[in-house]
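Residue-level listing of the chains:
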Amino acid sequence: MRIMRAAALGLLAVLLALPVAAEITGARYADPTTRYPHAVLGDGIEYGALVLERADAPPLRLVLPDSRVFEDTAPRLADLDGDGQAEVVVVESDQRRGARLAVYDASGLRYATPFIGTRFRWLAPAGIGDLDGDGRIEIAYVDRPHLARTLRVWRVEDGALVPVAALPGVTNHRIGERDISGGLRRCGQGAELVLATADWRGLVAVKLHAGQLRARRLGLPADAAGFDAALACAD
């Protein structure tokens, strides 16, 4: 009995002595490159590395293989799995298979959606948050905002990103623009995603309810002022 107790105490001491991963406090792209000449965001420059800023630890640099780039506006921090630590959400594109949504932490790649499947096919993040009020965090993006124009929502379940819902007929990006339009808002009726209609003639607010996405038209134009007003709940 004493031997077993001593062994348990020894194991506890070892576990307590193991280094704890430092909290991620920020992220940025690095290593600009022209090896993926898609230029969907207005130029041919993408990024080959992701730098994670950490509390009480040096920055950590994650470098992609030459066959991939980060094709994105900026990394996004969010605690997707409820462990109290932020992960980093990015758009990562492959030379042959196009874009996917990927999630990194200090250990490397944690979760990812499948690649779209074709070179020069992209996705535009639309928002991250508890979209249906059940306490779990969802990630939303527009799949091929210039072609398929389909909103897709994913969630971390059982150690993987799983699809939750999809809605065609919306978009949040025009080819060549530096920014992704719209985003997540909370105007007193729960979380909503602000997006443009597929023809860019107006804006919609999209809610997730009981596993279904529902869109309603907003009386605002699909331009910068309209998006700003919608996100400010001025519709």
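Residues numbered from 1 in each chain as written. Predicted model: local features only at pLDDT ≥ 70, side-chain atom pairs only at ≥ 80, totals over all residues. Heavy atoms only, no water.

Within an unreviewed UniProt entry, the label attached to the protein reads VCBS repeat-containing protein, and the organism entered is Meridianimarinicoccus marinus.

*Asks:* Please set out helix H2 (residues 224-231) residue by residue, giving values where relevant.
*Replies:* Along H2, the residues that are buried comprise Gly-226, Phe-227, Ala-229 and Ala-230. Summarising the axial view, the buried residues of H2 lie within an arc of 165°, below the 170-degree limit, and thus occupy one face. For H2, the exposed residues set more than 90 degrees away from the buried face come down to Ala-224, Ala-225 and Asp-228. Looking at the buried side of H2, the elements it contacts are strand E14 (183-186), strand E15 (191-197), strand E16 (203-209) and strand E17 (212-218). Remark: Cys-233 follows H2 within two positions and exhibits a positive phi of approximately 65°. (Buried < 20%, exposed > 50% of the residue type's maximum accessible area, 1.4 Å probe, protein only. Helix = DSSP H or I, 4+ residues; strand = E, 2+ residues; numbered from the N terminus. Arc of directions from axis to C-beta. Contact = heavy atoms within 4.5 Å.)

*Asks:* How would you sum up the confidence of the model for the protein? Please name residues and give values.
*Replies:* Taken residue by residue, the protein gives an average pLDDT of 92. The fraction at 70 or more is 91%. In this model, residues 1-20 is a region of pLDDT below 50 whose contacts with residues beyond four sequence positions or in other chains number 0 contacts. (pLDDT = per-residue confidence, 0-100.)

*Asks:* Describe unusual backbone geometry, naming the residues involved and giving the relevant values.
*Replies:* The residue Asp-56 is not glycine, and still its phi comes out positive at about 55°. By secondary structure assignment, the location of Asp-56 is in the loop between strand E2 (46-54) and strand E3 (57-63). Of note in this structure, Asp-158 is not a glycine but carries a positive phi near 50°. With respect to the helices and strands, Asp-158 occurs in the loop between strand E11 (150-157) and strand E12 (160-168).

*Asks:* Tell me about the environment of Pro-75, and name the residues and values.
*Replies:* Within the secondary structure, Pro-75 is located in the loop between strand E4 (68-70) and strand E5 (76-78). A sequence separation of 22 residues divides Pro-75 from Arg-97, and the C-alpha atoms of the two residues are 21 Å apart.

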